[in-house]
Amino acid sequence: GENVEQHPSTLSVQEGDSAVIKCTYSDSASNYFPWYKQELGKGPQLIIDIRSNVGEKKDQRIAVTLNKTAKHFSLHITETQPEDSAVYFCAASRGPIQGAQKLVFGQGTRLTINP
Amino acid sequence: KAGVTQTPRYLIKTRGQQVTLSCSPISGHRSVSWYQQTPGQGLQFLFEYFSETQRNKGNFPGRFSGRQFSNSRSEMNVSTLELGDSALYLCATSGGLSDTQYFGPGTRLTVL
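The present account deals with the structure reproduced in this document. (Residues numbered from 1 in each chain as written. Chains lettered and ligands numbered in written order. Predicted model: local features only at pLDDT ≥ 70, side-chain atom pairs only at ≥ 80, totals over all residues. Heavy atoms only, no water.)

In terms of nonpolar packing, the biggest core is built from 25 residues, with Trp 35, Phe 73, Leu 75, Tyr 88 and Leu 111 of chain A touching the most fellow members. Of all the elements in the fold, those that place two or more residues in this core are strand E2 (10–14), strand E3 (19–25), strand E4 (32–38), strand E5 (45–51), strand E7 (62–67), strand E8 (72–77), strand E9 (86–92) and strand E11 (109–114) of chain A. The residues contacting Phe 73 of chain A, other than those within four sequence positions of it, are Ile 21, Lys 22, Cys 23, Tyr 25, Phe 33, Trp 35, Thr 65, Leu 66, Cys 90 and Ala 91 of chain A. Leu 11, Trp 34, Tyr 49 and Val 111 of chain B belong to the second largest nonpolar core, which has 21 residues in total. (Core = buried A, V, L, I, M, F, W, Y, C linked by side-chain atoms within 4.5 Å. Buried < 20%, exposed > 50% of the residue type's maximum accessible area, 1.4 Å probe, protein only. Helix = DSSP H or I, 4+ residues; strand = E, 2+ residues; numbered from the N terminus. Contact = heavy atoms within 4.5 Å.)

Structure (structure tokens):
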């Protein structure tokens, strides 16, 4: 069945350094890959997403890369700040096909930024 | 624009009872999806509704059900509660041709 593997499960970096989180998906029909940030007591917040027709997308300090052949996608956060500390989830779906709103999530990465 | 609203935020029930959770989508969003989040299983898809019709269903028992109203608000129901149903229940909504899903704050259900 559909599966998304996410690594590492925990990541600790010094403030100002970069953080990288990697995901692998199994469903070759997946073509939409969002990343969510979840802070304690809150719902997941979309931070960036990428579609299969694009290899890389950047938004200020956040970037996502996609390798469809290898079924890998990664989140890169540069110049990390204490407020980046949270749990990050990758996900994959077959969207934007009608009726394909099901997101399959990775297990999450707890990112800690040390001052 | 107001975000996704979920009520109640916290709920405590006992085994065997049933519970109904509510989700109000972002204005204009017609798709509502429900997810269960637990420490052991992570985030798992329950079902998705669009225009009052269930379009997608995850691998959960029939005790989990849902519905959507004409104003796109959605409810999910869990009958005959079990201890393992304790979780954060999240709804996510999307609109138009976009499949980008925006999550609400969740309902924390504790089953005693």
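Residues and elements named next belong to chain B. What the four strands build is an open sheet, ordered E1-E3-E8-E7; its pairing is antiparallel. The strands lining the two open edges of the sheet, one partner per strand, are strand E1 (5–7) and strand E7 (64–68). Strand-to-strand, the axes of this sheet are offset by a mean angle of 20 degrees, without reference to chain direction. Sheet topology places E7 next to strand E8 (residues 74–78); five bridges connect them, and they run antiparallel. Paired with Gly 66 across the bridge in E8 is Met 76. (Pairing = 2+ DSSP bridges. Axes fitted to C-alpha atoms, helices over the stretch in contact; angles between N-to-C directions.)

On to the side chain of Thr 107 of chain B, then. With respect to the secondary-structure elements, Thr 107 of chain B resides in strand E11 (residues 107–111). Sequence-distant contacts of Thr 107 of chain B, that is, excluding residues within four places in its chain, are made with Gln 6, Thr 7, Pro 8, Arg 9, Leu 21, Ala 87, Leu 88 and Tyr 89 of chain B.

A separate point is the interface of chain A and chain B. Listed per partner, the contact involves 21 residues of chain A and 23 residues of chain B. Summed over both sides, the interface of chain A with chain B buries roughly 1,700 Å², with 50% coming from carbon and sulfur. Scanning the region where chain A abuts chain B turns up zero salt bridges. The interface formed by chain A and chain B contains four residue pairs in polar contact (both at pLDDT 80 or more). (Buried area = accessible area lost by both parts, 1.4 Å probe. Salt bridge = Lys/Arg side-chain N within 4 Å of Asp/Glu carboxyl O. Polar contact = N/O pair within 3.5 Å; in protein donor to acceptor, adjacent residues only side chain to side chain.)

Once that is clear, we can look at the pairing of strand E9 (residues 87–94) of chain B. Residue and element names in this part refer to chain B. Among the eight residues of E9, eight are classified as buried, and the element is accordingly described as predominantly covered. A two-sided burial pattern is seen for E9, the buried positions comprising Ala 87, Tyr 89, Cys 91 and Thr 93 on one face and Leu 88, Leu 90, Ala 92 and Ser 94 on the other. Here strand E4 (residues 31–38) runs beside E9; their pairing, made up of seven bridges, is antiparallel. Residue pairing in the sheet places Gln 36 in a bridge with Tyr 89 of E9. Bridging between E9 and strand E10 (residues 102–103) involves two bridges; their strand directions are antiparallel. Paired with Ala 92 across the bridge in E10 is Phe 103.

Further remarks concern the sheet that holds E8 of chain A. Residue and element names in this part refer to chain A. The five strands are arranged E1-E3-E8-E7-E6 in an open sheet whose pairing can be described as antiparallel. With one partner strand each, in any of the chains shown, strand E1 (4–7) and strand E6 (56–59) form the two edges of the open sheet. Strand-to-strand, the axes of this sheet are offset by a mean angle of 15 degrees, without reference to chain direction. Bridge count for E3 against E8 is six bridges, and the pairing is antiparallel. Of the residues in E8, the one forming a bridge with Cys 23 is Phe 73.

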